[in-house]
Amino acid sequence: MGRTINSFSLSFIFLLLFAGCDGGLVGTSTGPKVVSDLPRLPKKISPVIPRSIAGGNRGTNFSASTASKPHSISNSSRIQADTQQTSSRSWQLLQPSFQEIDSTRISVQEVLTLLDSEFESILYFCTDPLLRAEQCVIEAGEIEAFYDETITRQMIAIHKTADANTRETDIAEDNETNELREYYSSLEGSSVVFNQLSIRTDPTGAHRFKLITSTDALLQGRELQLGWSPHYDQITYELNASGTANQSELFNYRQNSTGQRLTVQRNQSNTESDAGTMLIEVTAQSTDSGDVFYNARLDDHFISGQASEETAYAYTKEFETEDGAYFQEIFDVAGYLIALQECSLETGHLCDDIDPEDEIHELYISPDEFDKAVDALGFDDIEVINLPPHVRDFLIVESDPDTPLWLRDEYCEGWQPIAGEIELFCFVPDLELDDVAFVSVNQDQLSIIPEARVLIAE
């Protein structure tokens with residue numbers, strides 16, 4: 001399906017929509033408006049991830065075919081560095097996962113941009129089933145999207161600003177921009193053929209519109225599942241490896257008038273090569289200006305901090321040890337230490353009393369200050385109460401006693417490395433946490449925690 005097919009499709013759809021009797025659709029007085037209300041695909045699905053924690057040269061992730069693979073830091077980013085400098089331990093933990101998140105974001109946005117260029121044709125094929133509130137399925141090979149000048153402009157915006165709608169005049173012209181333009185211009189005239197695509201509506205859900213598809217050209221055997229709301233304030237996207245159990249990545253993007261939040265979960269696989277547990281949350285201002293705040297569980301480490309393009313701060317706890325040790329680091333875009341404070345119970349947590357030192361002091365932020373900064377960006381604080389102290393890993397799932405625990409929809413993943421110290425990562429709107437069940441996870445054993453509850457701060 002190229003652009004030359006069904007050029008009249010959108011007009012035809014509107015004729016169908018308004019051809020019903022009594023002001024309704026398809027012969028009903030209150031017919032569904034599902035097709036006319038169906039918004040275009042999302043143009044923004046993540047805040048900008050700063051280079052200081054993602055590392056490397058964002059402009060080198062040219063296409064989803066390469067961006068979906070973690071890649072090493074560009075040599076040019078360390079060319080001026082002193083070879084005697086010490087790399088930050090926090091950066092070494094954070095950078096591979098954040099780089100993977102940003103690369104996956106670019107991969108998904110490239111797919112969505114190409115699909116959106118064929119959206120009128122997709123609606124043409126799907127008008128009848130969507131009007132009947134049924135799932136529409138388009139067979140493999142029917143959708144073919146072409147690179148052109150518009151796609152090139154949008155892909156530059158995606159790489160540079162994470163928003164395909166960013167105006168060309170608002171994007172800085174530099175070497176990266178030129179490299180991106182040269183690469184995507186070389187693709188103009190070529191096309192991407194999509195495998196089977198399905199699209200449906202769910203009037204009762206937070207994500208009213210859902211799409212599933214894949215393409216061998218860009219997603220490398222992974223299937224994309226996308227859900228989005230009419231105002232794009234709730235977006236989820238999930239990539240599942242075809243035919244491989246327990247290999248998936250789930251992304252939940254939320255935005256409001258004051259902030260953005262992206263929460264990411266990578267499920268463990270059965271292979272030894274998998275990096276292990278990864279849960280990350282990034283909170284930013286609504287306009288991608290200023291620092292971002294992040295927290296992450298990476299195996300048995302918990303890291304929180306703030307990051308700008310050139311420098312970042314990390315507060316890192318290592319739960320493999322039992323002495324309550326943690327360390328605080330400030331590092332640059334190449335991952336080299338600017339400042340380090342190591343702390344433990346034996347020293348009375350002297351790191352809590354950092355002496356001011358020029359601009360470096362401004363980067364340090366205590367856990368309390370971190371929470372206040374995130375709260376100011378307009379996201380409710382979710383508290384877990386009555387969690388038994390022996391529970392280390394747990395899930396918050398849908399409350400449906402007729403569904404086995406392992407089949408229930410998962411809303412949040414939590415971790416209690418120390419009794420009373422709970423870290424929570426949620427993937428759904430707060431309103432979906434009103435009626436939930438808590439499930440403890442002990443290797444492959446799942447069991448209900450009847451006494452645990454969720455409290456959402458007003």
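Report follows, based on the coordinates. (Residues numbered from 1 in each chain as written. Predicted model: local features only at pLDDT ≥ 70, side-chain atom pairs only at ≥ 80, totals over all residues. Heavy atoms only, no water.)

### Regarding the overall build of the chain
Helices and strands together make up the secondary structure of the chain, namely eight helices and 22 strands. Relative to its 458 residues, the chain shows a buried fraction of 51%. Sequence separation of 24 or more characterises 57% of the internal contacts of the chain that already satisfy a separation of 6 or more. With the model as given, the accessible surface of the chain reaches about 21,500 Å², and the carbon-plus-sulfur share is 47%. (Helix = DSSP H or I, 4+ residues; strand = E, 2+ residues; numbered from the N terminus. Buried < 20%, exposed > 50% of the residue type's maximum accessible area, 1.4 Å probe, protein only. Contact = heavy atoms within 4.5 Å. Areas by Shrake-Rupley, 256 points an atom, 1.4 Å probe, with all protein chains shown as cover.)

### Digging into the packing of aromatic side chains
This model, assessed by the stated rule, comprises 10 aromatic pairs. Between Phe98 and Tyr294, the aromatic rings sit 5.7 Å apart at their centres with planes inclined by 80 degrees, giving edge-to-face as the arrangement. Remark: Tyr294 occurs in strand S11 (residues 292–298) and Phe98 occurs in helix H4 (residues 89–116); sequence separation between them is 196 residues. Across this residue pair, the class does not change: Phe98 and Tyr294 are buried. Ring geometry for Tyr124 and Phe125: centres 5.8 Å apart, planes at 90 degrees, overall edge-to-face. Residue Tyr124 is classed as partly exposed on the basis of its relative accessible area of 27%. Here the basic side chain of Arg89 rests over the ring of Phe327, its NZ or CZ set 3.9 Å away from the ring centre. (Phe/Tyr/Trp six-rings, centres within 6.5 Å; stacked < 30°, edge-to-face > 60°. Lys NZ or Arg CZ within 6 Å of the ring centre and 35° of its normal.)

### Details of the sheet that holds strand S19 (residues 421–426)
Within a sheet, neighbouring strands are paired by backbone hydrogen bonds and run either parallel or antiparallel to one another. Strand order in the open sheet formed by five strands is S19-S18-S17-S20-S21, and the pairing between neighbours is antiparallel. Among the strands making up the open sheet, the edge pair consists of S19 and strand S21 (445–448). For this sheet, the mean inter-axis angle between neighbouring strands, taken without regard to orientation, is 25 degrees. Bridging between strand S17 (residues 393–398) and strand S18 (residues 410–418) involves five bridges; their strand directions are antiparallel. Residue Asp393 lies in a different strand from S18, and its bridge partner there is Trp415. (Pairing = 2+ DSSP bridges. Axes fitted to C-alpha atoms, helices over the stretch in contact; angles between N-to-C directions.)

### Re the state of the cysteines
Covalent bonding between the sulfur atoms of two cysteines is what defines a disulfide. Across all of its chains, the model carries two disulfides by this definition. The disulfide bridge from Cys126 ends at Cys136, spanning 2.0 Å between sulfur atoms. Looking along the S-S bond of the Cys126-Cys136 disulfide, the torsion reads about -70 degrees, which is the left-handed sense. Separated by 10 residues along the polypeptide, Cys126 in helix H5 (residues 119–131) and Cys136 in strand S1 (residues 136–138) bring together distant segments of the chain. When its relative accessible area of 0% is taken as the criterion, Cys126 is described as buried. Between Cys412 and Cys426 runs a disulfide, and the two sulfur atoms are separated by 2.1 Å. One quick way to see it: the torsion about the S-S bond of Cys412 and Cys426 is about 105 degrees, and its sign makes the bridge right-handed. One end of the pair, Cys412, is in strand S18; the other, Cys426, is in strand S19, and 14 residues separate them in sequence. As far as burial versus exposure is concerned, Cys412 and Cys426 are alike and both buried. (Disulfide = S-S within 2.5 Å.)

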